[in-house]
Amino acid sequence: LLEIMESFDAKCTFFLVGKMAAKYPELVKAIHAGGHEIGNHSYNHPILTKIPIAEVYVELAKNSELLERLTGEKTRYFRPPSGRYNTSILQAATDLGLLTIYWSKFPADYGSTQPNVVRKMTVLGIRPGDIVILHSGVDATLKALPLIFDELRKKKFTCVTVSELLKYGRNKNLGPIITKVEIDENN
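Reference entry: report on the structure contained in this document.

Thresholds applied
- Residues numbered from 1 in each chain as written.
- Predicted model: local features only at pLDDT ≥ 70, side-chain atom pairs only at ≥ 80, totals over all residues.
- Heavy atoms only, no water.
- Helix = DSSP H or I, 4+ residues; strand = E, 2+ residues; numbered from the N terminus.
- Buried < 20%, exposed > 50% of the residue type's maximum accessible area, 1.4 Å probe, protein only.
- Areas by Shrake-Rupley, 256 points an atom, 1.4 Å probe, with all protein chains shown as cover.
- Contact = heavy atoms within 4.5 Å.
- Salt bridge = Lys/Arg side-chain N within 4 Å of Asp/Glu carboxyl O.
- Core = buried A, V, L, I, M, F, W, Y, C linked by side-chain atoms within 4.5 Å.
- Pairing = 2+ DSSP bridges.
- Phe/Tyr/Trp six-rings, centres within 6.5 Å; stacked < 30°, edge-to-face > 60°.

1. So, the overall build of the chain
Okay, so step 1: A tally of regular secondary structure across the chain gives 8 helices and 5 strands.
Okay, so step 2: Element order for the chain, N to C, with α for helix and β for strand: α-β-α-α-β-α-β-α-β-α-α-α-β.
Okay, so step 3: Here the chain holds 187 residues, and 43% of them are scored as buried.
Okay, so step 4: Just so you have it, the chain exposes about 10,400 Å², and 52% of that area is on carbon and sulfur atoms.

2. Some words on the side chain of T161
Okay, so step 1: Tracing the backbone through its elements, the reader meets T161 in the loop between α7 (139–154) and α8 (162–168).
Okay, so step 2: Here T161 is in contact with K11, C12, T13, G35 and E37, once residues within four sequence places are set aside.

3. Comments concerning unusual backbone geometry
Okay, so step 1: We note that D9 has phi near 50°; this positive angle belongs to a residue other than glycine.
Okay, so step 2: For D9, the position within the fold is in the loop between α1 (2–7) and β1 (13–16).
Okay, so step 3: You can call D9 exposed: its relative accessible area is 57%.
Okay, so step 4: One non-glycine residue, H45, lies in the positive phi region at around 65°.
Okay, so step 5: Looking at where H45 falls in the secondary structure, it is placed in the loop between β2 (37–40) and α4 (53–71).

4. Regarding the pattern of salt bridges
Okay, so step 1: Overall, the coordinates contain 5 salt bridges when judged by the stated rule.
Okay, so step 2: Close ionic contact of K143 with D139 constitutes a salt bridge, the shortest N to O distance being 3.0 Å. With a gap of 4 residues between them, K143 and D139 both fall in helix α7, about one helical turn apart.
Okay, so step 3: Assessed through its relative accessible area of 47%, D139 is described here as partly exposed.
Okay, so step 4: Across the salt bridge formed by D150 and K154, the nearest N and O atoms sit 3.4 Å from each other. Here D150 pairs with K154, and both are found in helix α7, just 4 residues apart, close to one helical turn.

5. Section: the nonpolar core
Okay, so step 1: Core analysis: the biggest nonpolar cluster contains 25 residues, and L16, V28, I148 and F149 have the highest contact counts within it.
Okay, so step 2: For this core, the secondary-structure elements that each account for two or more residues are α1, β1, α3 (25–33), α4, α6 (115–123) and α7.
Okay, so step 3: Here this core takes 6 residues from α7, the largest share from any one element.
Okay, so step 4: Each residue touching L16, except ones within four places of it in the same chain, is listed here: V28, I31, I38, G39, N40, H41, S42, N63 and L67.
Okay, so step 5: Ranked by size, the runner-up nonpolar core spans 10 residues in total, among them F78, I89, A93 and L98.

6. Brief notes about the pairing of β2
Okay, so step 1: Covered by surrounding structure in β2 are E37 and G39 together with I38 and N40, the residues of both alternating faces.
Okay, so step 2: Where β1 lies against β2, 4 bridges are found, and the strand directions are parallel. Bridge pairing in β2 places F15 opposite G39.

7. With respect to the packing of aromatic side chains
Okay, so step 1: Under the defined criterion, the tally for this structure stands at 4 aromatic pairs.
Okay, so step 2: Pairing F8 with F149 gives two aromatic rings, centres 5.4 Å apart and planes at 45°, and the pair type is tilted. Of this pair, F8 sits in the loop between α1 and β1 while F149 sits in helix α7, and the two are 141 residues apart along the sequence. F149 shares its class with F8; the two are buried.
Okay, so step 3: Geometrically, the ring pair formed by W103 and F106 is tilted, given 5.9 Å between the ring centres and 45° between the ring planes.
Okay, so step 4: The class of W103 is buried, set by a relative accessible area of 19%.
Okay, so step 5: The class for F106 is partly exposed, based on a relative accessible area of 44%.
Okay, so step 6: An aromatic cluster of three or more residues is present, and its members are Y85, Y102, W103 and F106.

So, to be careful, I would describe these as geometric facts and stop short of saying anything about function.
Spelled out as structure tokens, the structure:
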């Protein structure tokens, strides 16, 4: 994955699960050394809406501490596992200094076995400012990435980290960055 990204000079934000980062610290360091950004995806990847809020704080804090220890940089962004959140989870992230980042394009690569489907779902209808969620370790995604990057390049797109996207601005219609929302606490 990192070799493919390097060959296309593509940078991104990896939202890492802490227990996997702890298991593969050299990979975390390689991601960071490659100029990619690292975000918090919780320590154990639970559905955060199904655990007590005190455990949510532990999940996020434990992962942020680990990622900072491995990279030497504070983690700034958080993506909730399975995209499930409520206002308490958003508040916990904010309390821990994390900005919650969602996605605007989900090609459903996780579990896919067909690289061309992943490619098509990624580039079809893509717009400036889109945040695309893809998963590492998915064979179809690895095979699709060179095709995706080549097609995006032809469309004059550049792959950037979340920080770079925020710096450049984004299409106001997308709204993938969550700062505060009103939603049902039972979700």
